[in-house]
Amino acid sequence: MTSPFGQKRVIVTGASSGIGLALARRLDAQGADLMAIGRRAAADLPPDFPQIGKKVAYQSLDISAGDAGPRLAAMIAARGWDSLDLIIHDAGTGHYRPVAAEDAASIAAVIATNCFGPIAITHALAPHLAKAGGAAVFVGSAAHKGASGFPVYAATKGALAGFARALRSEWQGRIGVQILHPGPTQTAMHDRAGHDPGRLRALFLSADDAAAVMLRQIAAGRSPQKTGHAALWRMRGAQMLAGTK
Amino acid sequence: MRALITGAAAGLGRALGEAVVARGGSLVALDRDEARLAALGECVDAVAADLTDTAALDGLGDDLGRRGPYDLVVMNAGINATGPFEAIAIADQSAVIAVNLTAPMALTAALLRHDAVCPGGALVFVSSLSRFVSYRGAASYVASKHGIAVFAKSLRRPLAKQQIRVLTVFPGPLDTGHAERHAPPGLGRMRRNRRMAPDVAAKAILAAASRRSGEFVPGAGPHMLAVLARLAPGTATAIMRRFIFQKLNGTD
């Protein structure tokens, strides 16, 4: 079966770990022309990162920086791309703590990474996406409707959901806009956020399963979508019926 | 009653402040517009501040905290930037997120650190009806108003333990300068007397804040739209298009 992502020019942010890394691996395996973006320096990538095919270009970029949009546009130009088929905004960060433990700088940093960074990058790359009739995919969270343990994180994901809904309506027929809300996933996110899910972790989706479901949801183009166990079972059922796996 | 209101020099914020003072309350009024703040009168404790200055928010929050404690805090200050997404300068969209989302979250954090919201008091966030109904051409504004509503919802349970009510308000277009400049196409042409007067909205908001936590949509029309949008988003959008946008654009 040919992949809908074969030969497509695709950017994945947050690609140095977690779901973003799993997305990059799968897209590369499916023949996408991929640019993987992460905050880490290339030298600090996981040891198995280079196993990804030769076409993958990893670029270190802090998407929360004020000039991230223009810098990414310059990277695209340097790659020789004049258009862009797909950007998956996967980079995200957050803290598990009550709001009184936050200060303005930490709140602004989470907003910059989770919400304004993706907005600014989409703004800078809109001409490239328009040229290809491409799509911008935002990665929300099951917390986008509110979470008392992560109030600031939940707010940024809720903001992203509102943004995606408004922009999807505005860009209808021109550029695709989607938001996918992954449930808890086995990544380093929880540890970095200072949250110990304990035994519940066994119920979390693996990053690779989450990535597989997300790519299927991106190919279908519907929004918003939950990326969780139900979507995974639907995908496996469909694959069994089609005899592809 | 002591109240803190942001964006208090005009529109809904000013109407809220007037309602507080009319009930004999004392008011800390924050706004970026010094001249309009001065016009509120000497009995108001005026704080001039620009909420786009994120680096100053901790200091501002400490200052506001020391002026408390408050029985009522209304995070009302809001700005907008409307037009096609690509055509709105990214600096303007950044300012929308800073004022409407970053600032109320950071000021809330500072006030709670200072225990500046009294037990039995209320923390009110002004979101927008665009949380529920489609609002094209204002994607960053919609982002900020969704975000603050989710923040408020996330605080409801933890703050209930401190006997602080958290209310989110979703006003439709009001008869204010903000709506005059930024209401969606169609609604912007709505006759001014069809929009809710800010003093009517203010009284309804204060009444709701004194009673309960949760969500509040002032006005019967906007309330019905919000309920419908939650039950049947497609139908609500179609109705908006059919009965409001097209009618007002003269295409129906």
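Look up: the structure comes first, before these words.
Residues numbered from 1 in each chain as written. Chains lettered and ligands numbered in written order. Predicted model: local features only at pLDDT ≥ 70, side-chain atom pairs only at ≥ 80, totals over all residues. Heavy atoms only, no water.

The secondary structure content of chain A amounts to 7 helices and 9 strands. Against the globule reference of 18 Å for 245 residues, chain A gives a C-alpha radius of gyration of 17 Å, in line with a compact fold. Along the first, second and third principal axes, the C-alpha atoms of chain A reach 50 × 45 × 40 Å. Looking at the 245 residues of chain A, the share that counts as buried comes to 54%. Sequence separation of at least 24 residues holds for 65% of the intrachain contacts in chain A that already meet a minimum separation of 6. A total of about 10300 Å² of accessible surface is found on chain A, and carbon and sulfur atoms cover 55% of it. (Helix = DSSP H or I, 4+ residues; strand = E, 2+ residues; numbered from the N terminus. Rg over C-alpha atoms; globule rule 2.2 N^0.38 Å. Buried < 20%, exposed > 50% of the residue type's maximum accessible area, 1.4 Å probe, protein only. Contact = heavy atoms within 4.5 Å. Areas by Shrake-Rupley, 256 points an atom, 1.4 Å probe, with all protein chains shown as cover.)

Taken residue by residue, the interface counts 41 residues in chain B and 39 residues in chain A. Both faces considered, chain B and chain A share a buried interface measuring about 3000 Å² in area, 68% of it formed by carbon and sulfur atoms. For the pair chain B and chain A, the number of links is 1 salt bridge. Linking Arg174(A) and Glu86(B) is a salt bridge whose minimum nitrogen-to-oxygen distance equals 3.0 Å. Where chain B meets chain A, there are 15 residue pairs in polar contact (both at pLDDT 80 or more). Put simply, the parts of the chain that give the side of chain B that touches chain A at least two residues each are helix 3 (57-67), helix 4 (90-113) and helix 5 (139-160) of chain B. For the side of chain B that touches chain A, the element with the most residues is helix 5 of chain B, which contributes 13 residues. Residue composition of the side of chain B that touches chain A, grouped by class: 22 nonpolar, 12 polar and 7 charged. (Buried area = accessible area lost by both parts, 1.4 Å probe. Salt bridge = Lys/Arg side-chain N within 4 Å of Asp/Glu carboxyl O. Polar contact = N/O pair within 3.5 Å; in protein donor to acceptor, adjacent residues only side chain to side chain. Nonpolar A, V, L, I, M, F, W, Y, C, P; charged D, E, K, R; others polar.)

Bringing the pairing of strand 6 (residues 165-169) of chain B into the picture now. All names here are of chain B. Across the 5 residues of strand 6, 4 count as buried, placing the element largely inside the fold. Relative to strand 6, strand 5 (residues 117-126) runs parallel, the two sharing 5 bridges. Its bridge partner lying in strand 6, Val126 is registered against Val169. Each parallel crossover has a hand, and for strand 5 linked through helix 5 to strand 6 it is right-handed. Bridging between strand 6 and strand 7 (residues 214-216) involves 3 bridges; their strand directions are parallel. When the sheet's bridge partners are listed, Val169 is paired in strand 7 with Phe216. (Pairing = 2+ DSSP bridges. Right-handed = clockwise from strand over helix to strand, strands pointing away.)

The subject of this paragraph is the sheet that holds strand 2 (residues 33-38) of chain A. Residues and elements named next belong to chain A. Ordered by their spatial adjacency, 7 strands build an open sheet running 3-2-1-4-5-6-9, and the pairing between neighbours is parallel. The open sheet has two edge strands with one neighbour each: strand 3 (57-60) and strand 9 (225-227). Taking the axes of each pair of neighbouring strands and ignoring which way they run, one obtains an average angle of 20 degrees across the sheet. The pairing of strand 1 (residues 9-12) with strand 4 (residues 86-89) spans 3 bridges and is classified as parallel. The partner of Val12 across the bridge, within strand 4, is Ile88. Against the sheet, helix 1 (residues 18-29) contacts strand 1, strand 2, strand 4 and strand 6 (176-182), and its axis sits at roughly 165 degrees relative to strand 1. Packed onto the sheet, helix 2 (residues 68-78) meets strand 1, strand 2, strand 3 and strand 4 and runs at close to 150 degrees relative to strand 2. (Axes fitted to C-alpha atoms, helices over the stretch in contact; angles between N-to-C directions.)

With that out of the way, let us pick up the pairing of strand 1 of chain A. All names here are of chain A. Strand direction decides the pairing type here: strand 1 and strand 2, joined by 4 bridges, are parallel. Bridge assignment links Arg9 to a residue of strand 2, and that residue is Asp33. A crossover connection joins strand 1 to the parallel strand 2 through helix 1; in handedness this β-α-β unit is right-handed.

Of all hydrophobic cores here, the largest spans 88 residues; its most connected members are Ile11(A), Leu72(A) and Leu64(B). Those residues in contact with Leu72(A) that sit more than four places away from it in its chain are Ile11(A), Met35(A), Ile37(A), Leu61(A), Ile87(A), Ile121(A) and Leu125(A). In terms of nonpolar packing, the next biggest core, distinct from the first, is built from 32 residues, Ala15(A), Val139(A), Ala212(A) and Ala231(A) among them. (Core = buried A, V, L, I, M, F, W, Y, C linked by side-chain atoms within 4.5 Å.)

This next bit is on the environment of Ala152(B). Residues and elements named next belong to chain B. Looking at the element boundaries, Ala152 is found in helix 5. On the basis of relative accessibility, which here comes to 0%, the residue Ala152 falls in the buried class. Residues Ala152 and Ala116 lie 36 residues apart in sequence; the distance between their C-alpha atoms is 17 Å. Among residues more than four places away in sequence, those in contact with Ala152 are Phe125, Val166 and Thr168.

With an omega of -5 degrees, the peptide bond running from Ser223(A) to Pro224(A) counts as cis. Residue position: Pro224(A) is located in the loop between helix 6 (207-220) and strand 9. Omega for the peptide link from Gly68(B) to Pro69(B) comes to -5 degrees, which places this bond in the cis form. Examined against the element boundaries, Pro69(B) turns out to sit in the loop between helix 3 and strand 4 (70-75). Of note in the backbone geometry, Gln7(A) takes a positive phi value of approximately 65 degrees without being a glycine.

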